[in-house]
Amino acid sequence: MKILVIEDELQLQNSITESLEKENFLIETAADYHTAMEKVFVYDYDCILLDIMLPNGSGLDILKELKKEGKNGNVIIISAKDSLDDKLEGLELGADDYLTKPFHLAELNARVKAILRRKNLNGKNTIEFANTVLDLNERQFYVDGKGVPLNRKEFDILNYFLFNKNRLVTKTAMAEHVWGDNTDQADNLDFMYSQIKNLRKKLQRSQADIEIVSVYGVGYKLVEK
Amino acid sequence: MKLLNQSLKYLSLSILAIVTVWSVVFYINMLNEIKSSIDEGLENYKRLIIQNAKIDSSILTKTYFDESFFTLHEIDRETALSMRDRYADTIIYMQDADDKRPEPEPVRMLTTSFKIKDRFYELKVANSMVEEDDLIDQLFWDVIWLYIILIASIIIINNWVLKKLWKPFYAFLQQLKNYRLGSTKKLPEAQTTTKEFKDLQYAVNTLLRHSIAAFDQQKEFIGNASHELQTPLAMVTHKLELLLEKEDLKEEQAEKLVEIFQIVERLVRLNKSLLLLSKIDNKQFFDNQQVAINPLVTQTLAELEEISSFKKVETTVVENGRLNAHIDPILAQVVVSNLLKNAIFHNVENGTVSIGLSDTTLEICNTGKDERLHPEKVFSRFQTSRSKSHGTGLGLAIVKAISDLYGYRVSYAFDGGIHCFTVQFSTGG
């Protein structure tokens, strides 16, 4: 899987690259408009992360050119502008997603994987990990082929964890993803503890070979036992 | 006070003064004119009497006023020689048709002397004169009527002329009132040939163009500020996330990193809130539409359900009406969720949040610290109670800013341990 990261801030570019490489993606980068245009039209990418404000040009112009060529699939806009107009224009031009900075790396992982998954669907849409299977279409969870009932939030949490296997998922990232913007002021995120606790119990009882471990009290990680 | 009434106020006062002065002068002049004309008559009368007396000496014995209105008295030489013609106002008893008995009437009297056959006589000739108080009375009413008629005609003329003259001005003013920076495309225009109005239009439009430029600049600045701050914040978050993924961190290092991470997350929240606040302050939300608040409240409560149940806070909704507001839906959501979050987070264990909805108001009451908050400071920026709260301190300030933007009234009350926040939506839509 080849991903192009178009981002002029090198520090940000590095972190994104480092994070995505951990997921075994092949990453290429472009830091300005012209390099980006060149790479976009010379090579094919499975996914393009596109910053809007670039030196020498706008990311939206790149998107327009891509649309002309019919290559505008699988673009995720990453922008510091939380402007509805930009978002609408970007999505109208065929971008798949719009991520406002600052975002969590776990969120970026999830979005990238969701898009790649949509592209490479062969009829079924499942994530497999150890002896477990999560069916995203049916919203079912199986351990050793046996169904384990999960409530809506538990499913969303597990789904997010599975998009970030073996990776740190901070509590904030999880809260924003599963509970939405309403947690932005939450001074403590302990409210999600009970959901995680229930999920852990269900994983244990169904003898799943995966477990949720705490990471320094700041977040969690889903690992194989 | 309208311009029309203003000008009327000054006009009526100055006309009153002018008419008063004029009527006094007019009265004095008229009286003088009357007197001098009577005096001429008396002079002529005097000559006739002296002439007649020379022919008919019986006249010389007439010593009291009767129908012919003169008297004669013989006087000694010295008195006669020292005497000069003297005109004076005096009073004589007279009776006319509408008088029951003789009444004192003002007369003009000429006193003079003459000589016939070496004998000296004093002659008094009188002529009835206009009664001054009658004259004043009559004149007074005439002036009052004049004044009333003048004012009435000025009102009518003013109304007509001013309305006609100021029509382009009011049309221009209306356009200005409806003008919204950033959303109105056309600059206001005055349909007129009047120089002053054209100048006004030019001045206003110059000012507007400056404001538009400043507004655009500010918008750009906000966009840039968000870019400048959000990107470094993203970098720090990412670096920390990657660092925290490392397996070989010492417990102590990890602890510090987590602390830093939490501070950065707070910075992120703060920056988000500040951006929202500056957007509201710059009136950059104007996608107003009819928003039903009732379902919004229920929906937000459902989203917050897990947090409230974790905090062991019970929420109840009492719907006494359907609250609709004409507002940007994003901002409506912000108002409702900020108030609800505030009520849930600043609560006590086993506390309650009760939400009341009427046709015009949203009231959110919660149990909390038994301490009255400052009713005005509670809405000001960065006002947090000294509790363990790590909120941004901007939640209620944002509610206030949105309320101000739409002219809603937001208030705080405290009674018996219950904190109540009320938003009075203007007219319900």
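Everything quoted here is computed from the prediction, not taken from an experiment. (Residues numbered from 1 in each chain as written. Chains lettered and ligands numbered in written order. Predicted model: local features only at pLDDT ≥ 70, side-chain atom pairs only at ≥ 80, totals over all residues. Heavy atoms only, no water.)

Turning our eyes to something else, we now look at the pairing of strand 10 (residues 409-415) of chain B. Judged by which residues are buried, strand 10 of chain B turns out to be one-sided: B:V410, B:Y412 and B:F414 face inward and are buried, whereas B:R409, B:S411, B:A413 and B:D415, on the alternate face, are not. The turn joining strand 10 of chain B and strand 11 (residues 418-424) of chain B, which pair antiparallel and follow one another in sequence, is formed by two residues; a positive phi near 55° is taken by B:G416. (Buried < 20%, exposed > 50% of the residue type's maximum accessible area, 1.4 Å probe, protein only. Helix = DSSP H or I, 4+ residues; strand = E, 2+ residues; numbered from the N terminus. Pairing = 2+ DSSP bridges.)

The next point concerns the sheet that holds strand 12 (residues 168-170) of chain A. In a beta sheet, neighbouring strands are held together by backbone hydrogen bonds and run either parallel or antiparallel to one another. Residues and elements named next belong to chain A. Read from one edge of the open sheet, three strands run 12-14-13, paired in antiparallel fashion. Two strands bound the open sheet, and with one partner strand each, they are strand 12 and strand 13 (210-215). Neighbour-to-neighbour, the strand axes of the sheet open up by a mean angle of 30°, direction not taken into account. One ladder, built from six bridges, connects strand 13 with strand 14 (residues 219-224); its direction is antiparallel. Residue pairing for strand 14: I210 is matched across the bridge by E224. Its contacts with the sheet put helix 7 (residues 171-179) on strand 12 and strand 14, and the angle it makes with strand 12 is roughly 70°. (Axes fitted to C-alpha atoms, helices over the stretch in contact; angles between N-to-C directions. Contact = heavy atoms within 4.5 Å.)

Averaged over all residues, the pLDDT of chain B is 84; the fraction at 70 or higher stands at 94%. Interface confidence for the predicted complex, expressed as ipTM, amounts to 0.87; the pTM equals 0.63. (pLDDT = per-residue confidence, 0-100.)

Judged by nonpolar contacts, the single largest core of 80 residues is most densely connected at A:F161, A:M174, B:I293, B:I327, B:L339, B:L362 and B:I402. It is helix 8 (residues 329-345) of chain B that contributes the most residues to this core, 10 residues altogether. Judged by nonpolar contacts, the second largest core, of 21 residues, contains A:L4, A:A30, A:L60 and A:I62. (Core = buried A, V, L, I, M, F, W, Y, C linked by side-chain atoms within 4.5 Å.)

Right, let's talk about the UniProt feature "modified residue: 4-aspartylphosphate" (unreviewed entry) in chain A for a bit. Residues and elements named next belong to chain A. Here the UniProt feature "modified residue: 4-aspartylphosphate" (unreviewed entry) sits at D51. Checked against the element boundaries, D51 lands in strand 3 (residues 47-51). On the accessibility criterion, D51 (0% relative accessible area) is buried. (UniProt positions renumbered as here; feature names shortened; annotations may be inferred.)

A separate point is the interface of chain A and chain B. The partner chain B presents 45 residues to the 42 residues of chain A that form the contact. Across the chain A/chain B interface, buried area totals approximately 4000 Å², and carbon plus sulfur atoms make up 55% of it. Across the contact surface, chain A and chain B share four salt bridges. Taking the shortest distance from any N to any O, the salt bridge between B:E247 and A:K221 comes out at 2.8 Å. (Buried area = accessible area lost by both parts, 1.4 Å probe. Salt bridge = Lys/Arg side-chain N within 4 Å of Asp/Glu carboxyl O.)

A word on the UniProt feature "transmembrane region" (unreviewed entry) in chain B. Residues and elements named next belong to chain B. Feature annotation in UniProt places "transmembrane region" (unreviewed entry) on residues 7-28 and 144-162, given in this structure's numbering. Overall, residues 7-28 shows 100% helix and 0% strand. The separation of its end C-alpha atoms is 32 Å. As annotated, residues 144-162 has a helix share of 100% and a strand share of 0%, and its two end C-alpha atoms lie 26 Å apart.

This part takes up the environment of B:V318. Residues and elements named next belong to chain B. Position of V318 among the secondary structure elements: in strand 6 (residues 314-319). For V318, a relative accessible area of 43% translates into the label partly exposed. Each C-alpha atom of the pair V318 and S354 lies 7.6 Å from the other, and the pair is 36 residues apart in sequence. Setting aside residues up to four positions removed in sequence, V318 forms contacts with I355, G356 and L357.

All names here are of chain A. Taken in spatial order, the five strands of this open sheet run 2-1-3-6-7, and their pairing is parallel. Unpaired on one side and paired on the other, strand 2 (26-30) and strand 7 (97-100) mark the two borders of the sheet. The mean inter-strand angle of the sheet, taken between neighbouring strand axes irrespective of direction, is 20°. Where strand 6 (residues 75-79) meets strand 7, four bridges bridge the pair, whose relative direction is parallel. Bridge pairing links I78 to L99 in strand 7. Those strands touched by helix 3 (residues 59-69) are strand 3 and strand 6, and its axis lies near 145° from that of strand 3.

Okay, the packing of helix 1 (residues 3-55) of chain B against helix 3 (residues 132-178) of chain B next. Residues and elements named next belong to chain B. Relative orientation of the contacting elements helix 1 and helix 3 amounts to 150°, with a least axis distance of 9 Å. By the angle between their directions, the pair helix 1 and helix 3 is classed as roughly antiparallel. The chirality of how helix 1 crosses helix 3 is right-handed. Split into classes, the residues belonging to the contact of helix 1 with helix 3 amount to 24 nonpolar, five polar and two charged. (Parallel < 35°, antiparallel > 145°, perpendicular 65-115°, else oblique. Left-handed = near helix turned anticlockwise from the far one by under 90°. Nonpolar A, V, L, I, M, F, W, Y, C, P; charged D, E, K, R; others polar.)

As a further point, take the pattern of salt bridges. All told, the structure shown has 25 salt bridges over all chains when counted by the stated rule. Across the salt bridge formed by A:R111 and A:D97, the nearest N and O atoms sit 3.0 Å from each other. With A:R111 in helix 5 (residues 105-119) and A:D97 in strand 7, this pair connects stretches of sequence that are 14 residues apart. Taking the relative accessible area as the measure of exposure, A:D97 reaches 18% and is therefore buried. Because the salt bridges share partners, they merge into one network encompassing A:K22, A:E23, A:K113, A:R167 and B:E245.

This part is about a nonpolar patch on the surface. All names here are of chain B. The grouping of F140, W141, W145, I148 and I149 at the surface amounts to a nonpolar patch, some 580 Å² of accessible area in total. Note on placement: I149 falls in helix 3. The class of I149 is exposed, set by a relative accessible area of 54%. (Patch = residues over 30% accessible without salt bridge, like charges linked within 9 Å, V, L, I, M, F, W, Y side chains within 5 Å. Areas by Shrake-Rupley, 256 points an atom, 1.4 Å probe, with all protein chains shown as cover.)

A word on the side chain of B:N205. All names here are of chain B. Looking at where N205 falls in the secondary structure, it is placed in helix 4 (residues 195-244). You can call N205 buried: its relative accessible area is 7%. Those residues within four positions of N205 in sequence are excluded, and the remaining contacts are L187 and P188.

A separate point is unusual backbone geometry. Of the consecutive residues A:K101 and A:P102, the connecting peptide bond is found in the cis state with omega at -5°. Along the polypeptide, A:P102 turns up in the loop between strand 7 and helix 5. At A:Y216, a residue that is not glycine, the phi angle is positive and equals roughly 50°. The residue A:Y216 is located in the loop between strand 13 and strand 14 in this model. Of note in this structure, B:K312 is not a glycine but carries a positive phi near 55°. Within the secondary structure, B:K312 sits in the loop between helix 7 (305-310) and strand 6.

Next up on the list: a negative patch on the surface. Residues and elements named next belong to chain B. A cluster of acidic residues, E132, D133, D134 and D137, forms a negative patch at the surface. When you line up the elements, D137 lands in helix 3. For D137, a relative accessible area of 44% translates into the label partly exposed. (Lys, Arg positive; Asp, Glu negative; His and termini not counted. Charge placed at Lys NZ, Arg CZ, Asp CG, Glu CD.)

With that out of the way, let us pick up the packing of aromatic side chains. Taken as a whole, this structure holds 14 aromatic pairs over all chains when the rule is applied. Geometrically, the ring pair formed by B:Y45 and B:F70 is edge-to-face, given 6.3 Å between the ring centres and 80° between the ring planes. Placement of B:Y45 in helix 1 and of B:F70 in strand 1 (residues 70-75) is noted, with a sequence separation of 25 residues between them. On the basis of an interplanar angle of 75° and a centroid distance of 5.5 Å, the ring pair of B:F140 and B:W141 is categorised as edge-to-face. Assessed through its relative accessible area of 45%, B:W141 is described here as partly exposed. Clustering of aromatic rings is evident, with ring pairs tying together B:W166, B:F169, B:Y170 and B:F197. When the ring centre of A:Y45 is taken as reference, the NZ or CZ atom of A:K2 above it lies at 5.4 Å. (Phe/Tyr/Trp six-rings, centres within 6.5 Å; stacked < 30°, edge-to-face > 60°. Lys NZ or Arg CZ within 6 Å of the ring centre and 35° of its normal.)

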